[in-house]
Amino acid sequence: MKTLKIAIQKSGRLNEKSVELLKNCGLSFENYKSSLISPVSNFPLEILFLRDDDIPEYVQDGIADLGIVGENVIHETEVDVAYLQKLGFGKCSLKLAIPNNSDIQSISDLNGKSIATSYPVILKKFLAGHNVVSDIRTISGSVEIAPGLGLSDAICDLVSTGGTLISNGLKPFGDVMYSEAVLIGRKGEEQNPLIVELIDRVQSVLRAKETKYVVLNIERKNIEQIKALLPGIKSPTVVPLAEEGWVAVHTVIPEKDFWSKISQLKAAGAEGIVVMPIEKIIL
Ligand code: ATP
Ligand code: ZN
């Protein structure tokens, strides 16, 4: 079967998490910073390390079969690719921001104003949707310093925590798009068995990340109360302990309501709670 190629960011915000995800999928490869291409020794796959801006087009044009890239870059490059899986990292928002002392109050106030951005395509569409025409100034980096330099009245930039905006005397003012890293592929190739296998592996890693494995001890008489706290999960595994009347319960808890669940379990009499990360969940 033909060896696949997957393009990931060579260095930058998505590189480390992309490499980690592929390694967690059981793929074995060298992560040399100097090489452009790295073969996977235990799967017919090669990893291409590229600038993120180039990844969508490489995939669209078939130079790579798969890619990991931010949704923002896909929209900006206007490529036609298949979205295979959201990956849950690289989360950020493309936001409008204005200087703290700006008199701009609504999106329509941006009419005729200048906006600095590295995302002119997305911004132009967004403004058109609001019947606003602004002077879009495309700059490739350090967009947040543009208003201070007198280059623009507002900016449109990627924000995750918002710290960079604050330290540049800017305040967020409107959301243009939400973005996270996604696995993309070439349209029409989704049924390729190697791609299906890789998506399966990625999904089993993602599912595992969303959950924790929990073992706890409880008096047998409290078992129904504990079961009631664990809805949506097939009945937990219950193992008798050497101490009469006590059992160990093994179960899986979603990460998102983990702490509230743990305190409810404690209140219901759970003791000696052990929490473990899960590597993969294969359905
Ligand atoms: P390259 O050298 O590959 O062109 P870059 O400088 O364009 O890299 P990075 O800053 O490494 O890009 O960001 C890569 C992606 O990470 C962004 O396109 C976006 O999807 C995501 N991201 C997550 N949080 C942020 C953030 N706070 N600022 C910028 N990008 C973010
Ligand atoms: Zn880039």
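Parameters and conventions
Residues numbered from 1 in each chain as written. Chains lettered and ligands numbered in written order. Predicted model: local features only at pLDDT ≥ 70, side-chain atom pairs only at ≥ 80, totals over all residues. Heavy atoms only, no water. UniProt positions renumbered as here; feature names shortened; annotations may be inferred. Helix = DSSP H or I, 4+ residues; strand = E, 2+ residues; numbered from the N terminus. Donors = N, O, S within 2.8 Å, 3.2 Å for Na, K, Ca; no water. Tetrahedral: all angles 85-135°; square planar, octahedral: opposite > 155°, others 65-115°. Buried < 20%, exposed > 50% of the residue type's maximum accessible area, 1.4 Å probe, protein only. Arc of directions from axis to C-beta. Contact = heavy atoms within 4.5 Å. Pairing = 2+ DSSP bridges. Axes fitted to C-alpha atoms, helices over the stretch in contact; angles between N-to-C directions. Near = heavy atom within 4 Å. Polar contact = N/O pair within 3.5 Å; in protein donor to acceptor, adjacent residues only side chain to side chain. Areas by Shrake-Rupley, 256 points an atom, 1.4 Å probe, with all protein chains shown as cover. Nonpolar A, V, L, I, M, F, W, Y, C, P; charged D, E, K, R; others polar. Lys, Arg positive; Asp, Glu negative; His and termini not counted. Salt bridge = Lys/Arg side-chain N within 4 Å of Asp/Glu carboxyl O. Core = buried A, V, L, I, M, F, W, Y, C linked by side-chain atoms within 4.5 Å.

The chain is annotated in an unreviewed UniProt entry as ATP phosphoribosyltransferase of Paradesertivirga mongoliensis. Taken directly from UniProt, the Function (unreviewed entry) text for the chain runs: "Catalyzes the condensation of ATP and 5-phosphoribose 1-diphosphate to form N'-(5'-phosphoribosyl)-ATP (PR-ATP). Has a crucial role in the pathway because the rate of histidine biosynthesis seems to be controlled primarily by regulation of HisG enzymatic activity." Per its UniProt entry, the chain bears the Subcellular location (unreviewed entry) comment "Cytoplasm".

Draft legend 1. Structural view of the UniProt feature "domain: ATP phosphoribosyltransferase catalytic" (unreviewed entry) in the chain. Feature annotation in UniProt places "domain: ATP phosphoribosyltransferase catalytic" (unreviewed entry) on residues 51-203, given in this structure's numbering. In the segment residues 51-203, helix accounts for 25% and strand for 31%; the C-alpha atoms at its two ends are 25 Å apart.

Draft legend 2. Layout of the coordination of the zinc ion (ligand 2). Within the first shell, the zinc ion (ligand 2) binds the protein through D52 (OD) and D53 (OD), at distances of 2.0 to 2.1 Å. Around the zinc ion (ligand 2) sit four donor atoms; with metal-centred angles ranging over 73 to 176°, the donor geometry is irregular.

Draft legend 3. Looking closely at helix α4 (residues 120-129). Listing the buried residues of α4 in full gives I122, L123, F126 and L127. All buried residues of α4 lie within an arc of 125° about the axis, which places them on one face of the element. Every exposed residue of α4 that faces more than 90 degrees away from the buried side is listed here: K124, K125 and G129. Looking at the packing, one finds that the buried side of α4 touches α3 (71-77), β6 (92-99), β7 (114-117), β8 (135-138), β9 (154-159) and β10 (170-179). N131 sits one or two residues past α4 and shows a positive phi near 55°.

Draft legend 4. View of the sheet that holds strand β12 (residues 211-219). Ordered in space as β13-β14-β12-β15, the four strands form an open sheet in which the pairing is antiparallel. On the outer flanks of this sheet lie β13 (237-240) and β15 (271-277), each paired with one strand and no other. Averaged over all pairs of adjacent strands, the angle between their axes in this sheet comes to 20°, without regard to strand direction. Summarising the sheet, β12 and β15 pair through five bridges and their orientation is antiparallel. When the bridges of β15 are listed, K212 appears paired with P277.

Draft legend 5. Representation of the site of ligand 1. In the vicinity of ligand 1, 17 residues are found, and the nearest of them are R13, R51, D53, N72 and S160. Taking Q9, its side chain carries an N or O atom lying 2.8 Å from an oxygen atom of ligand 1. Within the side chain of D52, a nitrogen or oxygen atom sits 2.8 Å from an oxygen atom of ligand 1. Here ligand 1 loses 78% of its free accessible area of 630 Å² to cover by the protein chains. In terms of residue class, the shell around ligand 1 is made up of five nonpolar, seven polar and five charged.

Draft legend 6. A look at the side chain of S35. In this structure, S35 sits in the loop between α1 (15-24) and β2 (37-39). Residue S35 is classed as buried on the basis of its relative accessible area of 17%. Excluding residues that lie within four positions of it along the chain, S35 makes contacts with K10 and F49.

Draft legend 7. Highlighting the side chain of E76. With respect to the element layout, E76 can be found in helix α3. For the buried E76, no salt bridge is present, and the opposite-charge side chain at shortest range is K125, 7.9 Å distant. Once residues lying within four places of it in the same chain are set aside, the contact partners of E76 are S118, Y119, P120, V121 and I122.

Draft legend 8. Highlighting the nonpolar core. Counting residues in each nonpolar core, the largest one holds 30 residues, and the members touching the most others are I6, L27, I68 and L87. Broken down by secondary-structure element, the contributors of at least two residues to this core are β1 (4-9), α1, β3 (45-50), β4 (66-70), β5 (82-86), β11 (181-185) and α6 (193-209). Of all the elements, α6 adds the most residues to this core, at seven residues. Those residues in contact with L27 that sit more than four places away from it in its chain are L22, V40, N42, F43, L45, L198 and R201. Membership of the second largest hydrophobic core comes to 16 residues, among which are L94, F126, A154 and M177.

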